[in-house]
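What follows is each chain in one-letter form.
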Amino acid sequence: MTAKPAFYITTPIYYVNDIPHIGHAYTTLACDVLARFKRMDGYDVMFLTGTDEHGQKVEKSAAAKGKDPLAFCDEVSMRFRDLAAFMNFSNDDFIRTTEKRHKIACQALWKKLEGSGNIYLDKYAGWYSVRDEAYYAEGELIEGKGDEKLAPTGAPVEWVEEESYFFKLSAWEEALLKYYEDLPETVLPKSRKNEVKSFVEGGLRDLSVSRTSFSWGVPVPGNDKHIMYVWIDALTNYLTAAGYPNVDHEKFQKFWPADVHMVGKDILRFHAVYWPAFLMAAGIEPPKRIYAHGWWTNEGQKISKSTGNVIDPFDIVEEFGLDQVRYFLMREVPFGNDGDFSRTAMINRINSDLANDLGNLAQRSLSMIFKNCNGQIPQVGDFTTDDKKILGAVDVLLPQIRDLMDRQSINKALEIIWKVVSDCNVYFAGQAPWALKTTDPDRMGTVLYVTAEVVRQIGILIGFIMPDSSSKLLDQINVSADKRKFAELGAAGRLVPGTRLDKPEGVFPRYIERSAK
Ligand code: ME8
């Protein structure tokens, strides 16, 4: 048997200074959907998420709560793990930067960078934002209230003057530009790639990569007065989980370089400029793709703790249902663009796409089979042009979806699935099988067979997006576990006439406002 191809996908590791909100759930969900798709498509997948636990920001948050930093990290990191379980995320590993394996990886990478002459000791004098954990040049700052200087993100900055190690980022300009050219889809969406390229073309300054004014982090090997800059520490998590520094190991050989680092647009520069430069400087292959998705707002407002409009993923799942939220987040906004969370949009998607379109199609066709065909998948007569057309449309979906998923166009993949659902509703209404009950029961059987066959394939195809609903739907038509695979799509796994059905129950209930219940 030939080995399965490998696919390594990562989320950012989330800061533990804050509890998880919809934005974190969104990024991890996108990775979960991509990971599940690849697993179903025959890949050996490693899907990584975790928490970023070092740095001044976390140290300050712990102190503000009167807690020891590690005890504080244990608590918040657990919330991210709980969220992963609650949202049915299929991550294969959960990394915490406070783990020993990670400290070993960071120090090994540092030594490689130092050994290759890419790190030197000097003095840093400049602006630093603890909230962003980022350095800013004077010219990048904006004016806040009363002449206060702010980072371009609006975060406060402080003047820092201390001895620091520097990474020779300036030496990597050309190599980075070549990297963007050699792999044309290294950075997606394309507009983001242009943004990154012009940043690099504008000239790179060496990067301060250690701090001496706090202690919560990984010590620099050989000089533990210095703590590694939190972004070197954080980015290295992707290597740690692949088994670094043990580069000869099977796991590393198999999964490195990562196929996709999924990030929000806010942290693109760290991933698409600093990270590949660190890797190339250490003689390690840079990632194949960095995808920067957009940001969610809440009813038009920026989501922030200070505005008090943070959306808690636990709450919305309680209210709307897990698969409903998973579907909405992936379908509503073209992946890569910013999106607005609104209750109205959520309810529309639930009631129209799920309850009306797919839910009704399945419920009406399966109920008719249950009542009128002895609860068995009916026998089929000759297929008409209309039958062949709708079967043909569902049979060819997989390669189209595969192309879209390879470019992380998740919403488009859902769009084409729902186009077939909608066409099948038109087919069902046009064939009007209920009117054939007495006049032409054989033809009614064929129409119901064709519709149930479309429902079967859609049931398999939604497995990566709504795993629970997919199972419920396939349970109803008694598709056995070994037949819920992409290999069973198309003619290969056609429903067998005579297969018994259970009494169908709606998989996608309508959402009714609590006040209207
Ligand atoms: O930046 N909409 O962690 P972080 C969409 N520790 N996505 C959002 C979002 C929103 N409104 N808000 C947050 C860090 N996100 C670093 C990363 S990686 C080596 C280190 C998501 O907790 C989005 O993916 O601030 C964003 O990039 C990430 O959360 C930032 O998480």
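Notes on the structure follow. These numbers come from a predicted model, not from an experiment. Residue indices follow the written sequence of each chain, beginning from 1 at its first position. Residue-level local features of this predicted model are given only where pLDDT is at least 70; pairs of side-chain atoms are given and counted only at 80 or more, and the full residue set underlies all totals for whole chains, interfaces and linings. Computation of side-chain values: all heavy atoms of the structure, hydrogens and water removed.

**Quick look at the packing of helix α13 (residues 343–372) against helix α16 (residues 410–431)**
Threshold: Each axis is a line fitted through C-alpha atoms, taken for helices only over the stretch in contact, and angles between the N-to-C directions span 0 to 180 degrees. Numbered from the N terminus, helices here are DSSP runs of H or I no shorter than four residues, and strands are runs of E no shorter than two. If an angle is under 35 degrees, it is roughly parallel; if it is over 145, roughly antiparallel; if it lies from 65 to 115, roughly perpendicular; otherwise it is oblique. The sense of a crossing depends on the near helix, which, turned anticlockwise from the far helix by less than a right angle, makes the crossing left-handed and, turned clockwise, makes it right-handed. It only takes one pair of heavy atoms within 4.5 Å for two residues to be counted as in contact. Gly falls in the polar group here, along with every residue not listed as nonpolar (Ala, Val, Leu, Ile, Met, Phe, Trp, Tyr, Cys, Pro) or charged (Asp, Glu, Lys, Arg).
At a closest axis distance of 10 Å, the pairing of α13 and α16 adopts a crossing angle of 45°. Considering the angle they form, α13 stands oblique to α16. Every pair of crossing elements has a handedness; the one defined by α13 and α16 is left-handed. Taking contact as the criterion, the partners of D353, L354, N356, D357, L358, L361, R364, S365 and M368 in α13 are, on α16, W418, V421, C424, N425 and F428. The residue inventory of the contact of α13 with α16, partitioned by class, reads eight nonpolar, three polar and three charged.

**Focus on the pairing of strand β15 (residues 290–293)**
Applicable threshold: Each residue gets one of three labels from its accessible area relative to the maximum for its type: buried under 20%, exposed over 50%, partly exposed in between, using a 1.4 Å probe on protein chains only. At least two DSSP bridges between two strands are needed for those strands to be called paired. Crossover handedness is defined here as right-handed if the route from the first strand over the helix to the second strand goes clockwise, with the strands pointing away from the viewer.
Side chains I290 and A292 project from β15 onto one buried face, and the interleaved Y291 and H293 project onto a second face that is buried too. Inspection of the sheet shows strand β9 (residues 187–188) paired to β15 by two bridges, in the parallel sense. Bridging across to β15, V187 finds its partner in I290. Pairing between strand β14 (residues 260–264) and β15: four bridges, direction parallel. In the sheet register, V263 faces β15, and the bridge partner there is A292. Read as a crossover between parallel neighbours, the route from β14 over helix α10 (residues 268–281) to β15 is right-handed.

**Section: the sheet that holds β9**
Judged by pairing direction, the sheet is parallel, and its six strands sit side by side in the order β3-β2-β1-β14-β15-β9 without closing on themselves. A strand with exactly one partner marks an edge of an open sheet, and here the two such strands are β3 (93–96) and β9. Helix α3 (residues 69–86) rests against β1 (6–15), β2 (44–52) and β3 of the sheet, and its axis sits at about 155° to β3. Against the sheet, α10 touches β9, β14 and β15, its axis set at about 140° to β14.

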